[in-house]
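Residues per chain are reported as follows:
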Amino acid sequence: SNDRLMIRKVAPEAQYYGIPAKTFEYLGTGKPILCLGDTGATADLIGRSPTGIVVNPDDVPAIKQALERLFTAWRRGCGNMPALDTSSFERSQLTRDLITVLARVS
């Protein structure tokens, strides 16, 4: 169903710099994301945005609290998260950003 919470491990534990493409697909759903991983690029992205909650995968009380918070929001009809502007992650924008950086160092 479209009302389901997205609960997936989207990044391997040792992945600190890359963000899996699947993460951006999850962001596009507008559904809350429970990110089980308190370090890394994926956790940073979700933690700095209004798209979900980031918790340590070993912190069972924090996971329980996050699930309760998300479930309560869903029951109140507030299950969707504010949209995240992902335009800065599009290839054309990333290419422009890279050109700007390269122009500065040349």
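Given the structure is predicted, the values throughout are model-derived calculations rather than measurements.

Caption draft 1: Broad picture of the overall build of the protein. Counting its secondary structure elements, the protein contains four helices and three strands. For the protein, the succession of helices and strands along the chain, N to C, is β-α-β-α-β-α-α. Counting across all 106 residues of the protein, residues that qualify as buried make up 28%. Pairs at least 24 apart in sequence give 46% of the contacts found in the protein among residues at least 6 apart. Per element, the accessible surface of the protein, about 7,500 Å² overall, is 54% carbon and sulfur.

Caption draft 2: Representation of the pattern of salt bridges in the model. Under the definition given, this model contains one salt bridge. Between Glu 25 and Lys 22 there is a salt bridge, with its nearest N and O atoms 3.3 Å apart. Within this pair, Glu 25 and its partner Lys 22 are both found in helix H1 (residues 21-29), separated by three residues, close to a single helical turn. For Glu 25, a relative accessible area of 49% puts it in the partly exposed group. When its relative accessible area of 42% is taken as the criterion, Lys 22 is described as partly exposed.

Caption draft 3: Looking closely at the pairing of strand E3 (residues 52-55). In the sheet, strand E2 (residues 33-36) pairs with E3 via four bridges, with the strands oriented parallel. When the sheet's bridge partners are listed, Ile 33 is paired in E3 with Gly 52. As for the winding sense of the linkage, the β-α-β connection from E2 through helix H2 (residues 41-47) to E3 is right-handed.

Caption draft 4: Structural detail: the environment of Val 54. Counting through the fold element by element, Val 54 comes out in strand E3. For the pair Val 54 and Ile 33, spaced 21 residues apart in the sequence, the C-alpha separation amounts to 8.3 Å. Apart from the residues within four sequence positions on either side, Val 54 is in contact with Cys 35, Gly 37, Asp 38, Ala 43, Ile 46 and Gly 47.

Caption draft 5: Region of the structure containing a nonpolar patch on the surface. Together, Leu 98, Val 101, Leu 102 and Val 105 make up an exposed nonpolar region whose accessible area comes to about 370 Å². Here Val 101 is to be found in helix H4 (residues 91-105). Overall, Val 101 belongs to the partly exposed group, its relative accessible area being 42%.

Caption draft 6: Broad picture of helix H3 (residues 60-75). Compared with the 22 Å implied by 1.5 Å per residue over 16 residues, the 22 Å span of H3 between its first and last C-alpha is a close match. Buried within H3 are the following residues: Ala 62, Ile 63, Ala 66 and Leu 70. On an axial view of H3, the arc spanned by its buried residues comes to 100 degrees, and they lie on one face. Residues Val 60, Pro 61, Lys 64, Gln 65 and Arg 75 are exposed on H3 and point more than 90 degrees away from its buried face. Where H3 is buried, its residues touch E2 and E3. Directly beyond the C-terminal end of H3, a positive phi value near 85 degrees is found at Gly 77.

Rules used in this analysis
- Residues numbered from 1 in each chain as written.
- Predicted model: local features only at pLDDT ≥ 70, side-chain atom pairs only at ≥ 80, totals over all residues.
- Heavy atoms only, no water.
- Helix = DSSP H or I, 4+ residues; strand = E, 2+ residues; numbered from the N terminus.
- Buried < 20%, exposed > 50% of the residue type's maximum accessible area, 1.4 Å probe, protein only.
- Contact = heavy atoms within 4.5 Å.
- Areas by Shrake-Rupley, 256 points an atom, 1.4 Å probe, with all protein chains shown as cover.
- Salt bridge = Lys/Arg side-chain N within 4 Å of Asp/Glu carboxyl O.
- Pairing = 2+ DSSP bridges.
- Right-handed = clockwise from strand over helix to strand, strands pointing away.
- Patch = residues over 30% accessible without salt bridge, like charges linked within 9 Å, V, L, I, M, F, W, Y side chains within 5 Å.
- Expected span 1.5 Å × (residues − 1).
- Arc of directions from axis to C-beta.

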